Amino acid sequence: MTHFVGALDQGTTSTRFAIFDPAGRLVAIHQREHRQIFPEPGWVEHDPLEILDRARAVIAAALGQASLDPADLVAIGITNQRETTVVWDRHTGRPIHNAIVWQDTRTDQLVAELGRPAGQDRFRAATGLPLATYFSGPKLRWILDHVPGARSQAEAGDLLFGTIDTWLIWNLTGGPGRGVHVTDVTNASRTQLMNLASLDWDEEILGALDIPRAMLPRIRSSSEVYGQIADGQLSGPAGGLAGVPIAGDLGDQHAALFGQTCFAVGEAKNTYGTGCFLLLNTGPVAVPSTQGLLTTVAYRLGDQPPVYALEGSIAIAGALVSWLRDNLGLIAASEEIEPLARTVPDNGGVYIVPAFSGLFAPYWRSEARGVIVGLTRFVNRGHIARAALEATAWQAREVVDAMRTDAQTTLAALKVDGGMVGNELLMQFQADVLGIPVIRPKVAETTALGAAYAAGLAVGVWSDLDALRANWQEDRTWAPMLDPADRERAFGWWTKAVSRTFDWLEPA
């Protein structure tokens, strides 16, 4: 009997459920989008109940698509948009506020206040993270401070906090009275509340942010059985999944690293989605960054020691293409960006720096805002499209440069995944500006695959990491073709454009 493993991949714009066979091949996948809610400039929210409904729907649809019996599914892994923050009533299961999304900047003043005693790096030694609006801890504090009655409820033990993985696991394992309240080390490492050394919540930081520890989930490894799907949580063909273990949990970028089988020190992957996230495996050592990168937990398997990574987080990648489509009407569909960009031989001197919610790695400038520079009467739609694609590659170049300095290593190649890797113009330009090969795997759904791998390892579908490595196959490699002198000249123009985004807003 073939054993299949499912992966619930809950992302920034959509939720999908994927089913994989023991060879790591995709058997079925179903996806549904959810609303993006923008109550005020800089605020981004999701409806947690809508996300839960989408999760239930895609599980049922994927099972039906594959014509699988629920008994064929032996485990489920979960991967998720990471820093997005949910607070809900433990007795009713109702959220007390919309989820505050990782892109949201409403905590900018709180972040500035927290940094006044010791600067942006106040908690970096413990957490590996600079103070920024990106992370969950300040978002949780904002909810406690601004939702009427939230703080008193939290102090009474009536409220629970979690990132999206925690919200989904709690509900799928039974919800009020039964749900398992857990997260894994990768998601916990993105809250700015977990100590990287102890892998536990940091009491000093909890005190500084005035967050009751009782709200927080238990921190577990990325690959173990957390609980089982409860009766009544799923309907239709998915109803028979009651009793199936949820056995994998990783933040989306960590899951992609795992799915790309970057298990050796010095191996790196870049995921091109709404944002762009480049992770470098640093092994058992949590390497502190002096170059604006994040030190994070890559994954932890059962009771084994954790594996760490350096990460460069870029807020806007594919979202810039969506902006050209939805806000400017430059294209009607995202797929049109590549043919439009190919109508011109270069960017015509145009550079776009999409600092829509400030600059993330390696700058961490929350006051920055996006710019388009180099405009002349010569510039047309094709140049704008090409500059938008190039912006993602240049941002990745800055991160790779920082990683080379922090880790004292040279990347031999970069594995890539995510929605934008089908854009071959972008992939070639990425290889050109990095000066190293860029490699796309045959299985593009590496985030879901990583969650499935973690769950399957926990229940014995795969015996060890070597079995996962054996599944990985290359689809295409792009070798650098740009003259190094031309590359560095263009990079100089890019960094000049980035400098124009600084200090757009007055300091908080």
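The structure we're discussing is the one just above.
The rules we used
Residues numbered from 1 in each chain as written. Predicted model: local features only at pLDDT ≥ 70, side-chain atom pairs only at ≥ 80, totals over all residues. Heavy atoms only, no water. Axes fitted to C-alpha atoms, helices over the stretch in contact; angles between N-to-C directions. Helix = DSSP H or I, 4+ residues; strand = E, 2+ residues; numbered from the N terminus. Parallel < 35°, antiparallel > 145°, perpendicular 65-115°, else oblique. Contact = heavy atoms within 4.5 Å. Nonpolar A, V, L, I, M, F, W, Y, C, P; charged D, E, K, R; others polar. Phe/Tyr/Trp six-rings, centres within 6.5 Å; stacked < 30°, edge-to-face > 60°. Buried < 20%, exposed > 50% of the residue type's maximum accessible area, 1.4 Å probe, protein only. Lys NZ or Arg CZ within 6 Å of the ring centre and 35° of its normal. Pairing = 2+ DSSP bridges. 1 Å grid on protein atoms, 1.4 Å probe; cavity = no way out; pocket = protein on both sides within 12 Å on 5 of 7 lines; lining within 4 Å. Points joined across faces, edges and corners; volume = space filled by probe spheres on them. Salt bridge = Lys/Arg side-chain N within 4 Å of Asp/Glu carboxyl O.

Undergrad: Before we move on, could you go through the packing of helix α9 (residues 252-259) against helix α14 (residues 446-459) and cite the residues and values that matter?
TA: Here α9 crosses α14 at 75°, and the two axes come no closer than 7 Å. When the interaxial angle is binned, α9 and α14 end up roughly perpendicular. Mapping the contact onto sequence places Asp252, Ala255, Ala256, Phe258 and Gly259 in α9 and Thr446, Thr447, Leu449, Gly450, Ala451, Tyr453, Ala454 and Leu457 in α14. When its residues are assigned to classes, the contact of α9 with α14 shows eight nonpolar, four polar and one charged.

Undergrad: Describe in detail the packing of aromatic side chains, supporting the description with residues and values.
TA: The description of two aromatic rings rests on the distance between their centres and on the angle between their planes. The final tally for this structure, using the stated rule, is 18 aromatic pairs. With a centroid separation of 5.4 Å and 85° between ring planes, the pair formed by Trp43 and Trp142 is classed as edge-to-face. Of this pair, Trp43 sits in the loop between β3 (26-33) and β4 (45-46) while Trp142 sits in helix α4 (residues 136-146), placing them 99 residues apart in sequence. The same class applies to Trp43 as to Trp142, namely buried. For the pair Phe258 and Tyr299, a centre-to-centre distance of 4.9 Å together with 70° between the ring planes defines the contact as edge-to-face. Note that Phe258 is positioned in helix α9 and Tyr299 in strand β17 (residues 294-299), a separation of 41 residues in sequence. Each member of the pair Phe258 and Tyr299 is classed as buried. Taken together, the ring pairs in this structure connect Trp102, Tyr134, Phe135, Phe277, Phe360 and Trp364 into an aromatic cluster. Above the ring of Trp142, the side-chain terminus of Arg106 is found at 4.6 Å from the ring centroid. It is Arg397 that lies over the ring of Phe491; its NZ or CZ is 4.0 Å from the centre.

Undergrad: An account of the sheet that holds strand β22 (residues 438-441) is requested, with residue identities and associated values reported.
TA: As summarised here, the arrangement of the seven strands in space is β17-β18-β16-β15-β21-β22-β23, forming an open sheet in which the pairing is mixed. Of all strands in the sheet, those with a lone pairing partner are β17 and β23 (474-478), marking the two edges. Strand-to-strand twist of the sheet, defined as the mean angle between neighbouring strand axes without regard to direction, takes the value 30°. With five bridges joining them, β17 and strand β18 (residues 307-314) adopt antiparallel strand pairing. Note on β18: the bridge partner recorded for Tyr299 is Val307. The strands that helix α12 (residues 381-407) touches are β15 (268-272), β16 (276-283) and β18; relative to β18, the one it contacts most, it runs at about 145°. Docked against the sheet, helix α13 (residues 424-434) engages β15, β21 (414-417), β22 and β23, running at close to 55° with respect to β23.

Undergrad: Can you break down empty space enclosed by the protein residue by residue, with the values?
TA: If you walk through the whole model with that rule in mind, you get three cavities of 30 Å³ or more. For the largest cavity, the calculated volume is near 100 Å³. As for the largest cavity, its lining consists of 16 residues, of which Ile314, Leu359, Phe360, Ala361 and Gln395 are closest to the centre. Counting residues per element, the ones that place at least two in the lining of the largest cavity are β18, α12 and α16 (484-499). Classifying every residue of the lining of the largest cavity gives twelve nonpolar, three polar and one charged.

Undergrad: Summarise the pattern of salt bridges; cite the residues concerned and give the values.
TA: Applying the stated criterion to the full structure yields 34 salt bridges. Between Arg365 and Glu367 there is a salt bridge, and its shortest N-O distance comes to 2.8 Å. According to the relative accessible area criterion, Glu367 is buried, its value standing at 14%. In the salt-bridge network here, residues are joined through shared partners; they are Arg82, Glu83, Arg190, Asp252 and Glu311.

Undergrad: Please provide a residue-by-residue account of helix α6 (residues 164-172), values included.
TA: Counting buried positions along α6 yields nine of nine residues, so the element is predominantly enclosed. All of the buried residues along α6 are Ile164, Asp165, Thr166, Trp167, Leu168, Ile169, Trp170, Asn171 and Leu172. Of the residues trailing α6, Gly174 is marked for its positive phi of about 135°.

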